[in-house]
Amino acid sequence: VFFPMLIGCRAVIASHALHKDPQGFARLVHDEGVTLCRFAPTVLSTFLRADIADRLGSLKAVFASGETLPVATQRLFFEKLPHVLLFGFYGATEAPGVGKHLYDAAQPAVETTQIDVQDFVSLRIAKSKGNDAEPGETGEIWLGGMTIARGYWKNPKETDRKFCKEGSQRWYKTGDLGRIMKDGRVEVLGRSDKTETNINAVRVNLNDVQRTVLDHPGIREAHVDTLQMNKDENPILVCHCISDGLTHLDTKILRRHLRD
């Protein structure tokens, strides 16, 4: 939203329906002369396999963010769109615009997210007790700087858990594991726990899903997990339920409850 406003260019907002319609998206890019666009890596992978590259001639750059960009998707991108720049971005809703990476077709594909940190961002790799990790050591990524959120709306408990202050610097604890590499870039290594996952670059909290399942009358116990069938595709949410023994468990009704 803010990027085109700051630069002075025109923004074209794709309808939600086009997120699952590669052919319709290609028509939009062609008709509007779109030069830059942003994808979640899983959506980018799906679109690249839909044979629409010949209608994306106006594109100059693609931004991929929200998830790790799989090696297979990187290779497919440069095969289909060899003259388009491919950028990877890292950040969070609570601290956007942290770092970026320009992929190079001439270099080996990168299996993890590796970023150059923006000048306006403070980043540290913290060990379990909050001490800074040494270069090369793995720890949790903490973010500070001008883009950090104030906290969670009307949720002081969660704010206190995820944000902290040391001196004049406020930090957001991302829950992501990372390490500082020899060249100064930061390598993002995935989540430090298994309670969150990304689906189409949207962060999904498995505990929230589990609590919603347990809100359904007749469910006594529930456990929510993910199943990763393919690195290039979204994980599948899986829920194991135990009824109270008195209520017939109708999965259609349970799905409707979750959707609502």
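Structure: see above.
Residues numbered from 1 in each chain as written. Predicted model: local features only at pLDDT ≥ 70, side-chain atom pairs only at ≥ 80, totals over all residues. Heavy atoms only, no water.

1. Concerning the packing of aromatic side chains
The condition is simple: We call Phe, Tyr and Trp rings a pair once their centres come within 6.5 Å, taking the six-membered ring for Trp, and we label the pair stacked below 30 degrees between planes, edge-to-face above 60, and tilted otherwise. Think of it this way: any DSSP run of H or I at least four residues long counts as a helix, any run of E at least two long counts as a strand, and we number them from the N terminus. Under the scheme applied here, a residue whose accessible area is under 20% of the maximum for its type counts as buried, over 50% as exposed, and between as partly exposed, the area being computed with a 1.4 Å probe on protein chains only. Sitting over a ring, as applied to charges here, requires NZ of Lys or CZ of Arg to be within 6 Å of the ring centre and within 35 degrees of the ring normal.
One pass over the structure, following the stated rule, counts 10 aromatic pairs. Arranged with centres 6.1 Å apart and planes meeting at 75°, the rings of Phe3 and Phe63 form a pair that is edge-to-face. Pair noted here: Phe3 is in helix H1 (residues 2-7) and Phe63 is in strand S2 (residues 61-65), with a separation of 60 residues, a long-range link. Geometrically, the ring pair formed by Tyr152 and Phe163 is edge-to-face, given 5.7 Å between the ring centres and 70° between the ring planes. Of the two residues, Tyr152 sits in the loop between strand S7 (139-145) and helix H5 (156-162) while Phe163 sits in strand S8 (residues 163-166), which places them 11 residues apart along the sequence. Taking the relative accessible area as the measure of exposure, Phe163 reaches 7% and is therefore buried. Taken together, the aromatic side chains of Phe3, Phe63, Phe87 and Phe89 make up a single cluster linked through ring pairs. For Arg124, the ring lying beneath its charged end belongs to Trp171, and the centroid distance is 5.3 Å.

2. Comments concerning a nonpolar patch on the surface
Our working rule: Two distance rules govern patches: like charges are joined within 9 Å, and nonpolar side chains (Val, Leu, Ile, Met, Phe, Trp, Tyr) within 5 Å, applied only to residues with over 30% relative accessible area and no salt bridge. Computed with the Shrake-Rupley method and a 1.4 Å probe, the accessible areas treat only the protein chains shown as cover for residues. A pairing counts as a salt bridge when a side-chain nitrogen of Lys or Arg comes within 4 Å of a carboxyl oxygen of Asp or Glu.
A cluster of nonpolar residues, Val1, Phe2, Phe3, Met5, Leu6, Ile7 and Leu36, forms a patch on the protein surface that exposes about 840 Å² of accessible area. Broken down by element, the residue count for the nonpolar patch peaks at five residues, all from H1. Of note, Leu6 is situated in helix H1.

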